Amino acid sequence: MTDDFPAGPAPEPAPRPHGQDELRALAAPRRLSVDDHMFTVPGLPGTFRLQLFTAAGARPVAVATQIAGAEGMSLMNGVERFAGAVWERHCLAEDQPPVWVERQLWPERSLQETRFRRVVFAGADRYRPRGPKWSVITREQLQDLVGAPVATDRGAGYVPRAAEPEPQLVFEEFAVARLARPHPFREPACMPAGVPWWRRWMRQVLPRRGARTCCWYHGGDWHTVNAMALQVLERARAQSVHPDDMEEFATAQAAATGATRWQTEALATLFNTADAIQPASQTGYINGQHRAQAMLEAGVRRTVVLHHVYDYGT
């Protein structure tokens, strides 16, 4: 294993801008009709702040704000059911879901950016939206859309989840071919289905490298990133780096060797304790299924995953 991280250029697809004409068509002066600081969905382990803006003759706009990694199911993973619940509970007479905007609050040191993202659904049955697609929307665009002030914080009514036994966080090397089949998919144009067993083994023999412009997940070479990750893991163990400091350690290693921006961001996600790939079992994921999909398609052999090990005593 070499000590030099490959640092060749990799294309970085620009964020897909949201249609200005569509936003202008949806814009209207609305009022804040609901501000629920602890919106929950029965049977779904997740909370968020819901701000719902309404006006006669205008489509409702829902703004969901959540603290990343601290409120159970994330806005991204639960978006269809969260949006459907708001639609059914607060917009019962509407024939389509509210305009959905979400804001994930990341820690200051995280490479993940805290920004507003609009979610457009491909379709919906009654109170069941489907086919979400994300795009960045600026604060100014959101203000123009709702025609009213929008709070950007979690709110004074936030109640932290009940304390659970503190897990021991363990990063470890893991065979990509052993990861469960990813599902569902947030990039249907380039991730239309899971990677069946025959294809994942074929890619192990005939790996695919390079980048594509379809989405962030395909925006660089995961072979390069995972070679970097395995080196970072080895060095971190030798230096007894705490799991909470792994992301900073990894990005420092990447910067020292001239890694590209995409490589650095991708590497950071593997060591961010709120965003790392976490297999739930042989049949699912707590987090990381989109990166797993990209790695399986590329034929990556080894990656780094995060396990939460609980010690309940004897």
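In short, a report on the structure. (Residues numbered from 1 in each chain as written. Predicted model: local features only at pLDDT ≥ 70, side-chain atom pairs only at ≥ 80, totals over all residues. Heavy atoms only, no water.)

## Description of unusual backbone geometry
- You will see that Tyr-127, though not glycine, has its phi angle at about 65°, which is positive.
- One can find Tyr-127 in the loop between strand E5 (116-125) and strand E6 (128-136).
- Phi angles above zero are rare outside glycine, and Ser-240 is one such case at about 55°.
- Relative accessible area serves as the criterion here: at 63%, Ser-240 is assigned to the exposed category. (Helix = DSSP H or I, 4+ residues; strand = E, 2+ residues; numbered from the N terminus. Buried < 20%, exposed > 50% of the residue type's maximum accessible area, 1.4 Å probe, protein only.)

## Looking at the environment of Gly-57
- By the secondary structure assignment, Gly-57 is in the loop between strand E2 (44-55) and strand E3 (58-67).
- By relative accessible area, Gly-57 is classed as exposed at 93%.
- Along the chain, Gly-57 and Ala-28 lie 29 residues apart, while their C-alpha atoms are 9.2 Å from each other.

## So, the packing of aromatic side chains
- Scanning the model with the defined rule gives 9 aromatic pairs in all.
- Ring centres 5.5 Å apart and planes at 85° place the aromatic pair Trp-216 and Tyr-217 in the edge-to-face group.
- Plain terms: the ring middles of Trp-222 and Trp-262 are 5.1 Å apart, the flat faces sit at 75° to each other, and that makes the pair edge-to-face. Within this pair, whereas Trp-222 is found in helix H5 (residues 222-239), its partner Trp-262 is found in helix H7 (residues 261-271), the two being separated by 40 residues in sequence. For the pair formed by Trp-222 and Trp-262, the shared burial category is buried. (Phe/Tyr/Trp six-rings, centres within 6.5 Å; stacked < 30°, edge-to-face > 60°.)

## Concerning the state of the cysteines
- Following the criterion strictly, the structure yields 0 disulfides and no others.
- Note on Cys-214: no disulfide assigned, nearest cysteine sulfur contributed by Cys-190 at a separation of 3.6 Å. (Disulfide = S-S within 2.5 Å.)

## Here's the deal with the packing of H5 against H7
- Their axes nearest at 9 Å, the elements H5 and H7 cross at an angle of 50°. In this view, H5 runs oblique relative to H7, as classed from their interaxial angle. In terms of crossing hand, the pair formed by H5 and H7 is right-handed. On H7, the residues that touch Trp-222, Thr-224, Val-225, Asn-226, Met-228, Ala-229, Val-232 and Leu-233 of H5 are Trp-262, Gln-263, Ala-266, Leu-267, Leu-270 and Phe-271.
- Taken together, the residues of the contact of H5 with H7 sort by class into 11 nonpolar, 3 polar and no charged. (Axes fitted to C-alpha atoms, helices over the stretch in contact; angles between N-to-C directions. Parallel < 35°, antiparallel > 145°, perpendicular 65-115°, else oblique. Left-handed = near helix turned anticlockwise from the far one by under 90°. Contact = heavy atoms within 4.5 Å. Nonpolar A, V, L, I, M, F, W, Y, C, P; charged D, E, K, R; others polar.)

## Comments concerning the sheet that holds strand E4 (residues 99-105)
- Here 6 strands make up an open sheet; going across it, the order is E1-E2-E3-E4-E5-E6 and the pairing mixed. The outermost strands of the open sheet, each flanked by one partner alone, are strand E1 (31-41) and E6. Going from strand to strand, the sheet's axes swing by 25° on average, the running direction of each strand aside.
- The strands touched by helix H3 (residues 139-146) within the sheet are E2, E3, E4, E5 and E6, with E3 carrying the most contacts at an inclination of about 140°. (Pairing = 2+ DSSP bridges.)

## Brief notes about the pattern of salt bridges
- Per the counting criterion, the structure on display carries 15 salt bridges.
- Linking Asp-245 and Arg-109 is a salt bridge whose minimum nitrogen-to-oxygen distance equals 3.8 Å. Of this pair, Asp-245 sits in the loop between H5 and helix H6 (246-256) while Arg-109 sits in the loop between E4 and E5, and the two are 136 residues apart along the sequence.
- Take Asp-245: its relative accessible area is 35%, and that puts it in the partly exposed class.
- Here Asp-221 and Arg-209 are joined by a salt bridge, their closest N and O atoms 3.3 Å apart. Taken together, the residues Asp-221 in the loop between helix H4 (197-205) and H5 and Arg-209 in the loop between H4 and H5 connect sequence positions 12 residues apart.
- Judged by relative accessible area, which is 56%, Arg-209 ranks as exposed.
- Sharing partners across several salt bridges, the network here consists of Asp-35, Arg-49 and Asp-153. (Salt bridge = Lys/Arg side-chain N within 4 Å of Asp/Glu carboxyl O.)

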